[in-house]
Amino acid sequence: MDDNQFEDRMKLLKKSYDKVPSQFQSEKIVREIESESESQHLQAIEYIKKPRKNRQKLIVWAISIASIFILSILGTTYFFENDKQMQRGSDGQYTFSEVFEDIEKDYPVVREKNRKLLKMKENEYEELGFVSTADSRYDFYKKLSKDEDRKMLYSENQKDEYYKEIMRSIQLPQQLLYTTMANETTLTDTEAMEYISEYYDRSRELINYYDNLFMEHSEELDFVREDGNLESKTLIMNKDKLPQILQNAIDSAEIQNLGLKIVYNNVVFGFNSDVTTAKLEDKVTARLLDYFTILHGEPFTYGGDLVHSIDETVFLLNTIEKTWSLADQQLSFFYELKGDYANAVYSLLKGSNSYPVMDATGKVNKEYRDAWLNLLENGSKFSPTLVYLKPIVDEFEASNWTSSKHWGNLQFSDIEDAVNHSLYESFISTSDANYSETENTIGTDFESRIHSYYKLFSKTHNQAILKDAKALEVIGLYYYSFIMGDYDTMYELFVKGEKYGVPSKEKLGGISFNDYLGKNTRLSELFERMTFVQLETVRDDDVQGVARIVRKNEYEISLVKVREYRLIKEENGWRLPLNPTK
């Protein structure tokens with residue numbers, strides 16, 4: 001986008017921002033966006049995302065069914081709690097039928113305006129995940145409003161909250177942005193991550209729709225192909241010659257701050273972060289704001305090849321490493337980002353068919369060399385890349401950039417291990433957790449404690465014996481029981497109850513730690529160090545924590561050999577849930 005277009009766009013957003021009321025008024029916001037969009041034609045952004053093919057309809061259908069079921073359960077629970085509050089007295093003055101009156105009047109109107117803004121047919125619009133979920137909530141509220149047996153009353157504030165909740169649920173991505181901009185204070189990190197997730201999820205649903213649409217009409221783009229190749233500029237120049245449904249897609253995507261680019265002759269859509277980032281600077285912390293820069297750069301790979309130049313890829317990887325944290329796991333795309341990052345690192349270290357690491361003379365290409373050295377120099381302290389990159393570079397330099405044993409043996413799973421390891425180590429170093437444990441050296445003292453607990457607990461399985469045991473001691477006892485072939489004692493270390501499930505004693509005999517453990521094996525022969533951190537408890541959730549064990553690496557199969565365990569704190573101390581490593 002040139003300077004004039006950028007200035008026009010900023011003026012448009014400033015105008016919209018100035019009009020946003022201090023309290024959410026959905027019809028006004030939709031009307032403002034709708035009127036502005038008729039006169040604005042924004043240039044497509046340079047963003048790429050691999051099409052996810054036509055799984056969207058099946059996924060949305062499944063989500064819709066699940067949404068109805070979940071809303072029924074959660075809604076019933078919520079109203080039951082309100083009933084109990086009413087018994088204790090309240091300032092309520094409205095029946096739920098009266099609460100629903102404004103919702104019933106405004107929701108269908110705003111919903112239809114948004115459908116027209118996206119230029120979608122109703123059968124396409126209703127299959128968008130967030131629309132389907134909002135419709136399910138609306139239907140549930142409508143049903144409750146007709147329940148004549150419901151006697152409770154709601155306050156003015158409760159009435160307003162129900163209205164704002166359901167009207168927010170039908171907002172389009174840009175409307176979410178304007179609503180957040182109108183917030184008078186800076187969002188807390190929790191609030192910001194909730195907003196970023198909502199913005200991402202709704203944008204991603206639209207991106208999937210646009211990607212699938214262009215895949216379905218791929219043959220109708222042949223007239224703009226030159227020697228079989230597509231160019232984004234040529235496509236945009238000939239937009240008015242495209243089928244109307246594709247023109248609509250391009251126009252509506254631009255309104256939602258999404259744009260297209262051609263990647264390996266495929267039309268793909270993605271995020272445009274420039275305006276979003278600029279307008280949220282005083283609402284979201286700088287670190288979390290960097291997630292928009294990261295999203296703008298996705299995808300990092302396509303079919304195993306790097307999408308961006310090597311230098312651009314290094315910049316994106318550095319941005320990710322300086323931004324993400326295990327504290328951000330509530331972001332809806334956090335785990336997807338971990339996978340995307342690992343793919344990019346693997347392609348950067350191992351190369352691809354289109355641009356191999358080794359040149360014709362058998363040496364590492366200079367561009368890769370420079371990029372690796374850049375990462376070594378500028379990577380964050382807990383960079384997952386550095387775990388493998390340093391020994392690789394050391395070996396290549398020693399061989400005049402011709403060979404490296406570590407480079408040859410590197411597997412994708414190694415990168416995944418390094419990502420998990422580095423994120424955890426970074427989290428531990430900055431965590432202000434209320435409770436944590438560390439065993440820096442697994443020696444005779446630790447082994448003696450575990451042996452004592454085993455002697456006492458294995459005889460009677462009296463749970464009170466372990467009430468004061470540390471979480472890492474429970475993990476040690478778990479391994480020690482396995483070494484002894486004592487599956488009954490292992491069984492007694494699991495949480496009991498329907499909430500987490502209980503493994504059968506028969507299945508415990510099939511557990512394998514991928515280690516040969518004879519009865520004379522010592523814990524100090526298996527483990528180098530252990531750490532445990534209690535996680536932040538949300539609402540009435542059980543107290544939980546994560547133990548991380550770094551195993552000894554006798555055979556140098558991998559530079560990082562790590563296993564993690566989740567633990568739950570019960571009345572009699574820390575215990576393992578079913579599938580504790582997940």
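Rules of the game
- Numbers given to residues run from 1 along each chain, matching the order in which its sequence is written.
- In keeping with the model being predicted, local features are shown solely for residues with a pLDDT of at least 70 and side-chain atom pairs are shown and tallied solely at 80 or more, while totals for entire chains, interfaces and linings include all residues.
- Water and hydrogen atoms were dropped before computing side-chain values, which therefore reflect all heavy atoms in the structure.
- The helix count covers DSSP runs of H or I at least four residues long, the strand count covers runs of E at least two residues long, and both are numbered beginning at the N terminus.
- A 1.4 Å probe rolled over the protein chains alone gives each residue an accessible area, and that area as a share of the maximum for its type sets the label: buried under 20%, exposed over 50%, partly exposed in between.
- Contacts are assigned to residue pairs with any non-hydrogen atoms lying within 4.5 Å of each other.
- Per-residue and other accessible areas were derived by the Shrake-Rupley procedure at a 1.4 Å probe size, with only the shown protein chains allowed to occlude residues.
- A pair of strands is labelled paired if DSSP reports no fewer than 2 bridges between them.
- Axis lines are fitted through C-alpha atoms, for helices just across the contact stretch, and the angle between N-to-C directions can take any value from 0 to 180 degrees.
- Between 65 and 115 degrees an angle is taken as roughly perpendicular, under 35 as roughly parallel, over 145 as roughly antiparallel, and anywhere else as oblique.
- For a crossing to be left-handed, the near helix must be turned anticlockwise from the far one by less than a right angle; the clockwise case is right-handed.
- Residues are sorted three ways: Asp, Glu, Lys and Arg are charged, Ala, Val, Leu, Ile, Met, Phe, Trp, Tyr, Cys and Pro are nonpolar, and all the rest, Gly among them, are polar.
- Within this document, salt bridges are pairs made up of a side-chain nitrogen of Lys or Arg and a carboxyl oxygen of Asp or Glu, the two lying within 4 Å of each other.
- Here the bend at each residue means the angle between axes fitted to two seven-residue stretches, the one ending at that residue and the one beginning there.
- Any pair of nitrogen or oxygen atoms within 3.5 Å is treated as a polar contact; in protein, a donor-acceptor pairing is required on top of that, and neighbouring residues in sequence qualify only through side-chain atoms on both sides.
- Expected helix span is computed as 1.5 Å times (number of residues minus one).
- Note on aromatic pairs: the rings of Phe, Tyr and Trp (six-membered ring only in Trp) are paired at centre separations within 6.5 Å, and the planes decide the class, stacked below 30 degrees, edge-to-face beyond 60, tilted for the rest.
- Charges are assigned to positions over rings by a cutoff of 6 Å between ring centre and Lys NZ or Arg CZ, combined with an angular limit of 35 degrees from the ring normal.
- Confidence of the predictor at the level of single residues is captured by pLDDT, which takes values from 0 to 100.

### Notes on the overall build of the protein chain
- When you go through the protein chain residue by residue, the secondary structure sums to 24 helices and nine strands.
- Buried positions account for 50% of the 582 residues belonging to the protein chain.
- Of the contacts made within the protein chain by residues no fewer than 6 positions apart, 72% connect residues no fewer than 24 positions apart.
- A total accessible area of about 29,000 Å² is found for the protein chain, and carbon and sulfur atoms account for 48% of it.

### Points about the pairing of strand 2 (residues 266–271)
- Among the six residues in strand 2, five count as buried, and that is most of the element.
- One ladder, built from six bridges, connects strand 1 (residues 258–263) with strand 2; its direction is antiparallel. Across the sheet, the residue bridging to Ile 262 is Val 267, located in strand 2.
- In this antiparallel pair of consecutive strands, strand 1 and strand 2, the connection spans two residues, and Tyr 264 shows a positive phi of 50 degrees.

### Here's the deal with the side chain of Lys 159
- Among the secondary structure elements, Lys 159 is positioned in helix 7 (residues 156–169).
- By relative accessible area, which is 15% here, Lys 159 ends up buried.
- Once residues within four sequence positions are removed from consideration, Lys 159 is found in contact with Tyr 94, Glu 98, Val 99 and Asp 102.

### Side note on the packing of helix 9 (residues 189–216) against helix 13 (residues 286–297)
- For the pair helix 9 and helix 13, the least separation of the axes is 10 Å and the interaxial angle reads 15 degrees. Judged by the angle between their axes, helix 9 and helix 13 are roughly parallel. Regarding helix 9 and helix 13, the two cross each other, and that crossing is right-handed. Together, Asp 189, Ala 192, Met 193, Tyr 195, Ile 196, Tyr 199 and Tyr 200 of helix 9 and Arg 287, Leu 288, Phe 292 and Leu 295 of helix 13 make up the contact between the two elements.
- Of the residues in the contact of helix 9 with helix 13, the class split is nine nonpolar, no polar and two charged.

### Describing the pairing of strand 5 (residues 436–439)
- Taking every second residue as pointing to the same face, the buried face of strand 5 carries Glu 437 and Glu 439, while none of Ser 436 and Thr 438 on the other face is buried.
- Sheet analysis places strand 5 next to strand 6 (residues 527–534), joined by four bridges and oriented antiparallel. Paired with Glu 439 across the strands is Met 530, a residue of strand 6.

### Some remarks on the environment of Lys 390
- Within the secondary structure, Lys 390 sits in helix 17 (residues 384–398).
- Between the C-alpha atom of Lys 390 and that of His 406, which follows or precedes it by 16 residues, the distance is 9.8 Å.

### Digging into the pattern of salt bridges
- One pass over the full model with this rule turns up 19 salt bridges.
- The partner of Glu 165 in a salt bridge is Arg 137, and the shortest N-O contact between them spans 3.7 Å. A residue pair is termed long-range when its members are at least 10 positions apart, and Glu 165 in helix 7 and Arg 137 in helix 6 (residues 129–145) qualify at 28 residues.
- Judged by its relative accessible area of 34%, Glu 165 is partly exposed.
- For Arg 522, the salt bridge is made with Glu 447, and the minimal N-O distance between the two is 2.6 Å.

### Focus: helix 17
- Maximum bend of helix 17: about 25 degrees, positioned at Lys 390, with proline Pro 391 one to four residues after it.
- Buried within helix 17 we find Pro 384, Thr 385, Leu 386, Tyr 388, Leu 389, Ile 392, Val 393 and Phe 396.
- The N-cap residue of helix 17 is Ser 383: its side-chain oxygen and the backbone nitrogen of Thr 385 are 3.3 Å apart.
- Residue Asn 400 follows helix 17 closely and has a positive phi angle near 60 degrees.

### Points about helix 4 (residues 96–118)
- Compared with an ideal rise of 1.5 Å per residue, which puts 23 residues at 33 Å, helix 4 spans 32 Å between its outermost C-alpha atoms and is within 8% of the ideal.
- Within helix 4, the axis deviates most sharply at Asp 106, by approximately 30 degrees, and proline Pro 108 lies no more than four positions further along.
- Among the residues of helix 4, Phe 96, Val 99, Phe 100, Ile 103, Asp 106, Tyr 107, Val 110, Arg 111, Asn 114, Arg 115, Leu 117 and Leu 118 are the ones counted as buried.
- Once helix 4 finishes, Lys 119 follows within two positions and takes phi at roughly 55 degrees, a positive value.

### With respect to the packing of aromatic side chains
- What the rule picks out here adds up to 34 aromatic pairs.
- Each ring, one from Phe 334 and one from Tyr 335, has its centre 5.4 Å from the other, and the planes form 85 degrees; the classification is edge-to-face.
- Overall, Phe 334 belongs to the buried group, its relative accessible area being 1%.
- On the accessibility criterion, Tyr 335 (48% relative accessible area) is partly exposed.
- Of the aromatic side chains, those joined through ring pairs into one cluster are Tyr 195, Tyr 199, Tyr 200, Phe 271, Tyr 291, Phe 292 and Phe 333.
- We note Lys 159 situated over the ring of Tyr 94; from NZ or CZ to the ring centre the distance is 5.3 Å.

### Concerning unusual backbone geometry
- Across the junction of Glu 298 and Pro 299, the peptide omega takes the value -5 degrees, indicating a cis bond.
- Residue position: Pro 299 is located in the loop between helix 13 and strand 3 (301–302).
- Although it is not a glycine, Lys 119 sits at a positive phi angle of roughly 55 degrees.
- Among the structural elements, Lys 119 can be located in the loop between helix 4 and helix 5 (122–125).
- For Asn 257, which is not glycine, the phi dihedral falls at a positive 65 degrees.
- Within the secondary structure, Asn 257 sits in the loop between helix 11 (244–255) and strand 1.
- Look at Asn 257 and you get buried, because its relative accessible area is 1%.

### What to know about the packing of helix 20 (residues 444–460) against helix 21 (residues 471–483)
- One can describe the packing of helix 20 onto helix 21 by two numbers: an axis separation of 9 Å at closest approach and a directional angle of 70 degrees. By the angle class used here, helix 20 and helix 21 are roughly perpendicular. Together, Phe 446, Arg 449, Ile 450, His 451, Tyr 453, Tyr 454 and Phe 457 of helix 20 and Leu 472, Glu 473, Gly 476, Leu 477, Tyr 480 and Ser 481 of helix 21 make up the contact between the two elements.
- Taken together, the residues of the contact of helix 20 with helix 21 break down into eight nonpolar, three polar and two charged.

### Remarks on the confidence of the model for the protein chain
- For the protein chain, mean pLDDT is 79; residues scoring 70 or higher make up 76% of the total.
- Every residue in residues 1–89 is under pLDDT 50, and counting partners more than four places away or in other chains gives 163 contacts.

### A closer look at the environment of Ser 436
- Counting through the fold element by element, Ser 436 comes out in strand 5.
- Residues within four places of Ser 436 in sequence aside, it is in contact with Phe 532 and Val 533.

### Quick notes on the environment of Thr 185
- In this fold, Thr 185 is placed in the loop between helix 8 (173–181) and helix 9.
- Sequence separation between Thr 185 and Val 284 is 99 residues; the distance between their C-alpha atoms is 9.6 Å.

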